[in-house]
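# Descriptive analysis of the structure
In case you want the letters, here they are:
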Number of protein chains: 2
Amino acid sequence: MQRYFINPDQVSDGQIEIYGDDIHHVKNVMRLSAGDCIICCDGEGIDYRVRIQQVEDHRILCRIEERFLSEGEPKLRITVAQSLPKREKMEWVIQKGTELGADRFQPFTSARTVVKLDGKKASKRRERWRRIAKEAAEQAHRGRIPVVEPLLDWNGLLQSFTAYDRVFFAYEKGGHPLKEVAKFPSDASLLLVIGPEGGFPESEAEEAKAAGAVSIHLGPRILRAETAPLALLACLLYSNGEMGGEPL
Amino acid sequence: MQRYFINPDQVSDGQIEIYGDDIHHVKNVMRLSAGDCIICCDGEGIDYRVRIQQVEDHRILCRIEERFLSEGEPKLRITVAQSLPKREKMEWVIQKGTELGADRFQPFTSARTVVKLDGKKASKRRERWRRIAKEAAEQAHRGRIPVVEPLLDWNGLLQSFTAYDRVFFAYEKGGHPLKEVAKFPSDASLLLVIGPEGGFPESEAEEAKAAGAVSIHLGPRILRAETAPLALLACLLYSNGEMGGEPL
């Protein structure tokens, strides 16, 4: 059944009102009409099964038939901080990271980041990434859309470390095997820091460590910059029982 | 240090002889010459650190300085059977599956497979996939290149199940959470069967089960056809201690 993310303020008195871009999708892409059912997700953990009552040009009225807790969200809240890779790779990471269960995406620039994004371009790119996260969240049956944060520079990223319970810094040149250090409460907030395609300079690895990050690797094989965050998400959520395991 | 896969017959009397396409890469891409070191992998688990002695037009002679067991290969041997997805997705699965540690790739067609490949096209496509596996294996520091098998049809795939210790069939509409059934010897051979973008028809799920497959899911989130094999590889190898864990 087709799913759409809505805002909580679209819900009132046993009804849900759909407006904006989703109207075109409901009417013309899915070709749904009065009597058909869809799922509306409020992005805050509640899903509604609704029946379409009235299709108008600028809004669609639906009656709520059932309301239930979204099952799609992990307790473990993982933010993927990705050093800006070449264009389509970031889109892959956001799409597949959203399917796997990432909480948030934090693009950043490191000394070795090749891609540069000025203000206006960064804004447009971020909008595109947000659309990708929304579509992936709908397809994957997420309960909310992972947030894509504005681009941070290296110092900005370092300063953000204190907001997390653990910071894991993906570094092939040293560090702990992930299994050794992957011990945290099941509802912890984790930051995964993934470097540029050429790897982090040693100076940045030292700065990350000084700021509280733990260097980890998933060796012995070397993973590309766009593969590492997906492997880390899968391993961490799986060992937390939130990926084909016991629900917590 | 740059790595090249060679055949064991290129090794003799303390020397290794490089020929073919790799000559261009050594001379013109990496710009290496006499005195420089590279790693040669024999594809059967032995790596050699060698020093280039002589660079000729059609061969490069190297002296073996050190010989060691390749560390890149998992004990757990996982074959990824992928229902043929649209073109670049298969390349993505082979590239990233190789980085993660897949043993082999088995493309197949299911009733709902959209992509059709006739004999000649299938041959060319397989050659391309093999090149992708080779490059990914070199970059990821694998000890061997995962084999890409010829395309099988559905019945052919079913008949191959008996060759494996376990067959896991990725199916969202039912089945066990992966963790429940992921119990096997650390050197087991596993087959992962991943369906087409639209999902497997129920009839094929029944046939797979009758042929000995266990249906599994990585829920509650739905993964795309090209994401599922990568998540499964990561989770299985990680829990086997072969991905940032204790070596077995």
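For the structure itself, look to the data block above.
Here's a quick rundown of the structure. Just so it is clear, the structure is predicted and the values come from calculations on it, not from any experiment.

So, on to the packing of aromatic side chains. Scanning all chains against the criterion turns up 13 aromatic pairs over all chains. Summarising the aromatic geometry, the rings of B:F168 and B:F184 are spaced 6.4 Å apart at their centres and angled 55° between planes, so their arrangement reads as tilted. You can see B:F168 sitting in strand β10 (residues 166-170) and its partner B:F184 sitting in the loop between α5 (178-181) and β12 (189-194), a full 16 residues away along the chain. Of the two residues examined, B:F168 and B:F184, each falls in the buried class. In this structure, A:K179 is placed above the aromatic ring of B:Y238, and the distance from its NZ or CZ to the ring centre is 5.6 Å.

What follows deals with the sheet that holds strand β13 (residues 214-217) of chain B. Residues and elements named next belong to chain B. Spatial strand order, β9-β8-β7-β12-β10-β13-β11: seven strands in an open sheet with parallel pairing. At either margin of the open sheet sits one strand with a lone partner, and together these are β9 (147-148) and β11 (176-177). Looking at chain direction, strand β7 (residues 77-83) and β12 are connected through six bridges and run parallel. Opposite R77, over in β12, you have S189 as the bridge partner.

Residue and element names in this part refer to chain A. With respect to the helices, strands and loops of the structure, E242 is situated in the segment after α7 (228-239). Here E242 is buried and forms no salt bridge, its nearest opposite-charge partner K75 lying at an N-O distance of 5.8 Å. At 2.8 Å, the side chain of E242 and the side chain of N240 are in polar contact.

Moving on: the interface of chain B and chain A. If you look at the interface, chain B gives 42 residues, while chain A gives 43 residues. Buried surface at the junction of chain B and chain A, both sides included, amounts to about 3,600 Å², of which 56% is carbon and sulfur. Ranking the residues of chain B by area buried against chain A places B:K179, B:R221 and B:Y238 at the top, with a combined share of 23%. Connecting chain B to chain A are four salt bridges. Run the count over chain B and chain A and you get 27 residue pairs in polar contact (both at pLDDT 80 or more).

Next up on the list: helix α2 (residues 87-100) of chain A. All names here are of chain A. Helix length check: α2 (14 residues) gives 20 Å between terminal C-alpha atoms against 20 Å at 1.5 Å per residue, within 8%. Across the 14 residues of α2, 10 count as buried, placing the element largely inside the fold. One or two steps after α2, the chain reaches G101, where phi turns positive at roughly 125°.

To continue, consider empty space enclosed by the protein. In total, this model carries two cavities of 30 Å³ or more according to the counting rule given. For the largest cavity, the full set of lining residues is A:L100, A:T227, A:L230, A:A231, A:A234, B:L100, B:T227, B:L230 and B:A231. The biggest single contributor to the lining of the largest cavity is α7(A), with three residues. Of the residues contributing to the lining of the largest cavity, the split by class is seven nonpolar, two polar and no charged. Of the volumes computed, that of the second largest cavity is approximately 30 Å³. Along its surface, the second largest cavity is lined by A:L84, A:P85, A:K86, A:R87, A:M90, A:V115, A:L117, A:R125 and A:W129. For the lining of the second largest cavity, the secondary structure elements donating two or more residues are α2 and α3 (119-139) of chain A. In terms of residue class, the lining of the second largest cavity is made up of six nonpolar, no polar and three charged.

Calculation criteria
- Residues numbered from 1 in each chain as written.
- Chains lettered and ligands numbered in written order.
- Predicted model: local features only at pLDDT ≥ 70, side-chain atom pairs only at ≥ 80, totals over all residues.
- Heavy atoms only, no water.
- Phe/Tyr/Trp six-rings, centres within 6.5 Å; stacked < 30°, edge-to-face > 60°.
- Helix = DSSP H or I, 4+ residues; strand = E, 2+ residues; numbered from the N terminus.
- Buried < 20%, exposed > 50% of the residue type's maximum accessible area, 1.4 Å probe, protein only.
- Lys NZ or Arg CZ within 6 Å of the ring centre and 35° of its normal.
- Pairing = 2+ DSSP bridges.
- Lys, Arg positive; Asp, Glu negative; His and termini not counted.
- Salt bridge = Lys/Arg side-chain N within 4 Å of Asp/Glu carboxyl O.
- Polar contact = N/O pair within 3.5 Å; in protein donor to acceptor, adjacent residues only side chain to side chain.
- Contact = heavy atoms within 4.5 Å.
- Buried area = accessible area lost by both parts, 1.4 Å probe.
- Expected span 1.5 Å × (residues − 1).
- 1 Å grid on protein atoms, 1.4 Å probe; cavity = no way out; pocket = protein on both sides within 12 Å on 5 of 7 lines; lining within 4 Å.
- Points joined across faces, edges and corners; volume = space filled by probe spheres on them.
- Nonpolar A, V, L, I, M, F, W, Y, C, P; charged D, E, K, R; others polar.

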